[in-house]
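# Fold and geometry: a report
The primary structure of each chain is shown beneath.
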Amino acid sequence: MELLKEAESSAPDLRIAMERIRLASIALKQSRAAELPTVNATANTTSRNNRAEGFSSTSNDNSNLGVSLSYELDLFGRLDAQTRAREADFSATRYDWQTARLALLTSVASTYFQWLQTDARIRLAVEQQAVAQRILAVAQARQRYGVATQIDVMQQQAVVLSQEIALGNLRFQQQQLASALALLLGRIPQGYAPALFEFTQVSVPVVPASLPSILLTRRPDLGAAEAALVAASANIDAARAALLPSLSLTGSYGLSSSILVGMADPVQSVGLGLSLMKVLFDGGQQDLQIQSQQTQRAILVETYAKAIRAALKEVEDGLGNVELTARQTVLQETQVDLAQRSLRLAELRYREGAGDFLTVLESQRALFSAQDQQLISQAARLQASIDLFKSLGGDWSTLPELDQSTR
């Protein structure tokens, strides 16, 4: 569908999610860069002029040029754990983008179908208004011949008026849906209207009798929960490693001269150092950090399990709702057919003077209500398919690829 393609390319929500991915990517690169040596270059020149009363002035020029290197040996895996945590955070932001994309596409589809349904209800309201006008004309004609009362005419005039009010409300509702769709697409809402399609011709995808549970692995919210769990485990490793000594290697190479660098006989210097550092007392801060990370991981484990149970329920509810709305749509079609036949018979009997106007009114109301409910049932069936699509993380016709380890 063109609307879905437009949403993917232009929607602000997806652009925001993409920028968050870039931020996570930068954080990951920073973490990886921390594992590499740091090299610094220095250069300076100083000039000093000394002058005392009664003595001639003296000058002293000194220049230095040096390169220093520092590198922390990752003996206990602290830096590696931090990098793994950033990798998990990066994966989580990608899942967040997928979540935003899935929510966007389902919202676009749902809003567009509501817009189509409202358009169909508008056209149905126009048809119902014509029916009400026709029955009003019959009541007015019978009143002129003295076989109907003024009450009959007034009651039908009230029906015509209520149809006019309903038609105005539907048109306003359609404008609201169009503007809501425009916002989802990143368009200016004023004057926007999507392409029209016959609502009753929208096909509902057929759901297979059984769906493999592996489809749940495509849900981005579960993927994000898994990534958060990995990040928490890595943060625990990093916090534990921080308790152990850190070993740093430093090296330096320099040139110095009593005059400007590079002009005469510089003095070379080389230095190499190895330092071991361990925190002896910090008031238990690092131990508390480990406990905090462990507690956070326990929370994430429970959150992940809760998310799985919620996903299973959403799928079960989605399948049940698809089946229910399909049955209701069929029953609603039968109800509309019966209501149409009932109104035709009631109107015919009223024209011939064999029936009363109250029966015509009741049959008319029953038909209008059944027709409205038919469109509502069709919309509910489409929405049920959209909800199932979302609960499975995408189309159920394509299975996700398995990892090599599970094949």
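Quick caveat, the model's predicted, so the values are computed rather than measured. (Residues numbered from 1 in each chain as written. Predicted model: local features only at pLDDT ≥ 70, side-chain atom pairs only at ≥ 80, totals over all residues. Heavy atoms only, no water.)

## Details of the overall build of the protein chain
- A count of helical and extended segments in the protein chain gives seven helices and four strands.
- The linear arrangement of helices and strands in the protein chain, starting from the amino end, is α-α-β-β-α-α-α-β-β-α-α.
- Expressed as a percentage of the 407 residues in the protein chain, the buried residues total 33%.
- Within the protein chain, contacts between residues at least 6 apart in sequence are counted, and of these 80% link residues at least 24 apart.
- Per element, the accessible surface of the protein chain, about 24,600 Å² overall, is 55% carbon and sulfur. (Helix = DSSP H or I, 4+ residues; strand = E, 2+ residues; numbered from the N terminus. Buried < 20%, exposed > 50% of the residue type's maximum accessible area, 1.4 Å probe, protein only. Contact = heavy atoms within 4.5 Å. Areas by Shrake-Rupley, 256 points an atom, 1.4 Å probe, with all protein chains shown as cover.)

## Details of the confidence of the model for the protein chain
- On average, residues of the protein chain carry a pLDDT of 76, and 71% of them reach 70 or more.
- Below pLDDT 50 for its whole length, residues 259–263 participates in eight contacts with residues either more than four positions away or in separate chains. (pLDDT = per-residue confidence, 0-100.)

## Here's the deal with helix α1 (residues 2–10)
- For α1, the full list of buried residues reads L3, E6 and A7. Buried residues of α1 fall within an arc of 100 degrees about the axis and therefore sit on the same side. The exposed set on the far side of α1, more than 90 degrees from its buried face, consists of E2, K5 and S9. (Arc of directions from axis to C-beta.)

## A word on the pattern of salt bridges
- Taken as a whole and judged by the stated rule, the model has ten salt bridges.
- The partner of K313 in a salt bridge is D317, and the shortest N-O contact between them spans 2.5 Å. Highlighted residues: K313 and D317, both in helix α6 (residues 285–351), separated by four residues, approximately one helical turn.
- Residue classification places D317 among the partly exposed positions, given a relative accessible area of 38%.
- When the shortest N-O distance is used, the salt bridge between E362 and R365 registers 3.5 Å. Remark: R365 and E362 occur in helix α7 (residues 357–391); sequence separation between them is three residues, near one turn of the helix.
- One network of salt bridges, with partners in common, ties together D119, R123 and E198. (Salt bridge = Lys/Arg side-chain N within 4 Å of Asp/Glu carboxyl O.)

## So, the packing of aromatic side chains
- Counted under the stated rule, the structure contains three aromatic pairs.
- On the numbers, 6.2 Å between centres and 40 degrees between planes, the contact of Y112 with F113 is tilted. For the pair shown, Y112 and F113 are each scored as buried.
- Their ring planes at 55 degrees and their centres at 5.1 Å tell us that Y350 and F357 sit as a pair that is tilted. We note that Y350, like F357, is buried.
- Within the aromatic cluster, the residues linked to one another by ring pairs are Y112, F113 and W115.
- Positioned above the aromatic ring of Y350, the side-chain terminus of R142 is 4.3 Å from the ring centre. (Phe/Tyr/Trp six-rings, centres within 6.5 Å; stacked < 30°, edge-to-face > 60°. Lys NZ or Arg CZ within 6 Å of the ring centre and 35° of its normal.)

## Details of helix α4 (residues 150–185)
- Given a rise of 1.5 Å per residue, 36 residues ought to cover 52 Å, and the 53 Å separating the end C-alpha atoms of α4 matches this to within 8%.
- Where α4 ends, the next residue or the one after it, G186, has phi of about 80 degrees, a positive value. (Expected span 1.5 Å × (residues − 1).)

## Notes on the environment of I308
- By secondary structure assignment, the location of I308 is in helix α6.
- Sequence spacing of I308 and L222 is 86 residues, and the spatial spacing of their C-alpha atoms is 7.0 Å.

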